[in-house]
Structure formats: structure tokens, C-alpha cells
Amino acid sequence: MSDTQTMIENRPPSVAVLFTERVTATPDAEAFRYPVPSASGRGPDEWKSLSWGGTAERVYAIAAGLIDLGVGPEDRVALLSATRVEWILADLGVMCAGGATTTIYPSTNAEESAYILADSGSSVLIAEDAVQLAKARERRADLPDLRHVIVIDSAGVTPDESDPEGWVLSLADLEARGAARLEKSPEAVAERIAAITSDQLATLIYTSGTTGRPKGVRLPHGNWSYMAKAIAATELVTREDVQYLWLPLAHVFGKVLLSGQIEVGHTTAVDGRIDKIIENLPVVQPTYMASVPRIFEKVYNGVASKARAGGGAKYKIFLWAAEVAREYAKVTQDNFRRTGTASAPFVLTAKHKAADALVYSKLRDAFGGRLRAAVSGSAALSPEIGFFFAGAGIHILEGYGLTESSAASFVNPGAAYRTGTVGKPLPGTEVRIAEDGEILLRGPGIMEGYHGLPEKTREVLEPDGWLHTGDIGELSVDGYLRITDRKKDLIKTSGGKYIAPTEVEIQFKAICPFVSNILVIGADRNYCTALIALDEPTLLGWAKEHGLAGRPYAEVLAAPATTELIQGYVTRLNDGLQRWQTIKKFRLLPRDLDVEHGDLTPSLKLKRPAVERGFRHLIDEMYEGAREA
């Protein structure tokens, strides 16, 4: 048995135990950085730091406070908050109390929040602020099991005479209550941690889902301790790394990063405000971060737009540098695969050096200048965009997993990464491809099942432990996985041809710098069409140069020149597709797709049925009068 297998099989029963081990090993090392408003209230945020010892002091106080409120083993405590350091402290506090965290996105409305609270049986809610507290107050009559609401940021929280006595507490109140309990019973938390078993429920994550009510995915403590050890075994991160964490912690992708951090012991800078990413990166100067493809797409489009705005010469230099980056990445990755050395011919290396001075170095500076690797997950990244960043010295390691597999099932292996694949399985995870191309997974990270839904569980989880992922993929001879599409998203035209819409969509994103989102349609139709949402700032930048300066976005969008612009990119796309895949017609959407309108999940995945319902009139237009074969 290898050292890695031994480490995984002999892992502690919970991340709570791993946390205590980390605190004992490196109590004074920096664990977290987090922003606070500057003392003057003006200017950029100031960043404060928490050591592992300081983190433990707050975590144990929260855990003891929850115990004092009556939280017992596997009792659900819901977290309704954006990503911030208190989310992490609260989650660890819940786990150290032996409870189970129910995660809820802060963008979730009152009705669905109440559904999750009721379905999970959560007895305590930790809410971020007055806005999130209001959701619980609005639906309190539907939540008889909810005994307490703890508010992280109590500014603006006012008493409500309808609240039962003691129903609302501040996080500070909870920690004070916990500290008092620990004075009386110093071993209260340690005893709870020692009693945790690996099969005990740790987390209940409700899949945002693209259709219907969300399902609660039951993830036991053993799943997270496995993830911690498996991530450490990949050696993608080290103690010296500084991670920038903005991903929603209500999503499994964000949550799994915490397990890896606790095992490895590196520093994490936490700020969930997406509008602060560009401002924060040069300040934090991370060496490692995880993201979703949409962020990399926006950065790429933004750089292209800035180059275009700089005039014809600058734009030509950018386009040349982008092609050099892609060629360099493809050649060096191919040579590494064959020889173990990421080399390139002399002429290409010289071009790359020149392009680096002109373009790539500035791009790396925007990421803080020290970014060693970035992990991308949750959706497919266009290989052409991946190759661009790789050639520019920003190595994007795609990974793959589901909520049902505790997020991380595959990841690209460091220097041996291959753009366009999601890498190899984590140590301890098995994979096989079914006859119909579906990816099946088995291992210590697989969920226990769906909460209260045994029939739904049986639909995806075989008795022998194999999980049906619903994704279609291909395995290379040496074990690299490539995802081709979601099984349920495959389109079959009325002519009997199968099309993977995601594959077409990511190709379009790679060639069109103006696109924000695209939805390919064609199921049971005799040709394919597309709904295309454009990136407003990028399009308005183009409009200034084409006689449309100062016009409202809606007017720019409706201009014939804009349709002609996008038609050019659609034509380029079609030139590389099979005849039955080509986009015959398209419509530009009046707005971008977003979470607020229900077009995207909180992890920015496309909700195809919702988008099709919302823009049915545009789809009908494209097929009006068409003969359906």
C-alpha cells in the first residue's frame, strides 16, 4: 500500500479533528486574512489577520455557544451569508459542536430559504445581517423548528415585538455565551470533537439545480477528511501558499477549499464580494486561487476590449500576443507530455519573450504578480481561453466534481496539466465510463444520499457505491478526463443528429470577445439557433469607435451594425462545425443572463429551461415558418 493510500485510509474521522491538529502544529501561523473598512471610512479596505490559534479561540467559543443553545450531534445549523471570514468560523464552530451545517446562498429568496430551513430541520440559523434575518422573520410561522437566529453583522437589526424572547442573538453574544460555558466546562468542545464518527452528518448542501426544488445532499464528516487528505496528496498547494477565496461558501466548490487549507496549513484571504476581486488581487498577491470559467472569460474579454480601445496598433499587438500564447502553451504542454520538459523551439520562445514584455506581464500584474496556479471548476472553460492564460504564465488547472462527490473528484496534476481536460482522479477516487458515455464515480467523497429522498438517491447511487454523474466524458489512455456535456443537455435534432450544446457554446466564447452568455437550441428542430447575451461594457467600448457613442445600451444592441458584428463571429464559428451543428439564426438578448432573474444558478451555471421559458418569444421567432422534419 502506498503512503498516499495509507494516509487516506487512516485519516481522522472529521475535519474537526484535523482542525485541532492544525492548531496544535502551527498555532502562530497566519490562517486567514479578511478586509475591514479603513479607519477613516474612505479609501481602500484594510486587511486584518487571524492566526490558527486565534481562529481556534473564536471557533471553540462559537461551538460552545451552540452547545449551550442545545445543538446536539447532527443537529442542523443553517448558514445564510455571503463568503466572509465569519462564515468559516461559524462552519467550523458547527462541526466542532458535532452539528451539521446547512448552507444557503445569500441570494436565495425568503420562500426558498424557508423551504431549505424546513426541509433540513434546521434548529438554528446563522444569518449575515438584517436583510437575511428579515427572510426568517417573514416566514417564521412556517419554521416551528427554528429556535434561534444568530446575526453576524447586527448593524441595522432592530427589535421586533413578534420575535420570541431570545430568538435573535448577535454572533458576539453567541461567542460570549460560549466563552462562559467553556469557563465552567473546559472540555465541552473537545468531548464533542472526540465523539464525532466519520459517518456522522457534517454538511447538508442544497443543490441550486437547474429545474425544480433543490435537493439536500448529505455529506458526512468522513467525506471532508478524505478531501483534505486527497487534496494535500496532489501537492498542488503548500504551506507557503496564499489563497484568494471569493467563491460562494454555500457551494461545495468553495467549501472543499477549506478542508484542503486546514490539512496543508496555508493562508487564505477571504472576501466574497465579486466587485472587489480586481481591487483585491494586487493587494493580496495570491499564489493560488480557485474560480469559475466566467471570471476568466471576463478578464480575457476585458483585456481584449482595453487593447481595442487603445487603437489599431495596440489591438494588433494583443491579437498577435494572444496567438503566440496559445501556440506556446500547446507546444510546451505537448512536449512536456512526450519528454517531461516544457520546451519550445527557439523562434517561438523569442516571440513569447517579446509578447511577455508587451502583454503577459501586465496581465500577471493584474492578478497580483505572484499567481502560481488557478483552479477552474463548476463549468467548462473554453480550451482556447485556457491556452491563452497558460501561454501568458497563468496556469489554469481545470478540475471536476459534483456536490454529490464533495466537489473535488478530478484535478489537473500541476506541471503535467492538460488544457481542455479536467485532469486525473484524486487519490482514492475510482472512475469508469458507462456504455452511453456517462461518467461514474466511486470513492470516499461520494455523498450518503439526498436528504429525505430515498427514491431520488437510488436513481443516481448504485448499491455498490457507483455515482451516476449525469455528465458525458472520455478518458485518455493515461487517465485524463475530458467532459463533453451534460447527459440531459444533449440535443437530438429532428434529423436524428446528436449535438453537445456546451461544446458549441464554449467554442463561440473563445472566438467572440463580446459574448457574455450563449444558449444553443435545437432539440427536435431541423436546425440549431442561439440566444446570445453580450457583455455591456465591452460592447459600449466598441460602439464608441463605430458611430454609436453616447447611445443607450438598448439602442446599441438594436443597431444593424451590432447584429452584423456578431454575425461575423457566428460565421467563424460555423466554419469549424459539422453542418448539423451550425447556428442558422440567432437573437441578441436585451440583457445579460444573471442569478437575479433566475437564468443562472448561484455558481453561475446556465439554467437552460429557465432561459428558454423567459425568452420563448425570441425562440419562436427563429423557428417561425420553419418546416420541421
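These figures come from a predicted structure and were not determined experimentally.

The rules behind the values
- Residues numbered from 1 in each chain as written.
- Predicted model: local features only at pLDDT ≥ 70, side-chain atom pairs only at ≥ 80, totals over all residues.
- Heavy atoms only, no water.
- Pairing = 2+ DSSP bridges.
- Helix = DSSP H or I, 4+ residues; strand = E, 2+ residues; numbered from the N terminus.
- Buried < 20%, exposed > 50% of the residue type's maximum accessible area, 1.4 Å probe, protein only.
- Contact = heavy atoms within 4.5 Å.
- Disulfide = S-S within 2.5 Å.
- 1 Å grid on protein atoms, 1.4 Å probe; cavity = no way out; pocket = protein on both sides within 12 Å on 5 of 7 lines; lining within 4 Å.
- Points joined across faces, edges and corners; volume = space filled by probe spheres on them.
- Nonpolar A, V, L, I, M, F, W, Y, C, P; charged D, E, K, R; others polar.

1. Considerations on the pairing of strand β21 (residues 481-486)
Turning to step 1, where the next piece is worked out: Here strand β20 (residues 467-475) pairs with β21 via five bridges, running antiparallel. If you follow L475 over to β21, its bridge partner there is L481.
Turning to step 2, where the next piece is worked out: Here β20 folds back onto β21, and the loop between the two strands holds five residues, one of which, G479, carries a positive phi near 95°.

2. Regarding the environment of R177
Turning to step 1, where the next piece is worked out: In this fold, R177 is placed in helix α7 (residues 171-184).
Turning to step 2, where the next piece is worked out: The class for R177 is partly exposed, based on a relative accessible area of 34%.
Turning to step 3, where the next piece is worked out: C-alpha separation for the pair R177 and L66, spaced 111 residues apart in sequence, amounts to 8.8 Å.
Turning to step 4, where the next piece is worked out: Setting aside residues up to four positions removed in sequence, R177 forms contacts with D68, L69 and L169.

3. Topic: the state of the cysteines
Any covalent bond linking the sulfur atoms of two cysteines counts as a disulfide.
Turning to step 1, where the next piece is worked out: A full pass over the atoms with the stated rule returns zero disulfides.
Turning to step 2, where the next piece is worked out: We note that C528 lacks a disulfide partner, and the nearest cysteine sulfur, in C512, lies 18 Å from it.
Turning to step 3, where the next piece is worked out: Of the residues examined, C528 reaches a relative accessible area of 1% and is grouped as buried.

4. What to know about empty space enclosed by the protein
Turning to step 1, where the next piece is worked out: Evaluated as defined, the whole model comprises three cavities of 30 Å³ or more.
Turning to step 2, where the next piece is worked out: Computed from the structure, the largest cavity encloses a volume of approximately 50 Å³.
Turning to step 3, where the next piece is worked out: I231, V237, Q243, L257, G260, Q261, H266 and Y288 together form the lining of the largest cavity.
Turning to step 4, where the next piece is worked out: Counting residues per element, the lining of the largest cavity draws most heavily on helix α10 (residues 252-264), which supplies three residues.
Turning to step 5, where the next piece is worked out: Here the residues of the lining of the largest cavity are counted per class, giving four nonpolar, four polar and no charged.
Turning to step 6, where the next piece is worked out: As a volume, the second largest cavity reaches approximately 40 Å³.
Turning to step 7, where the next piece is worked out: The wall of the second largest cavity is formed by L381, G386, I396, E398, N412, R418, T419, G420 and T421.

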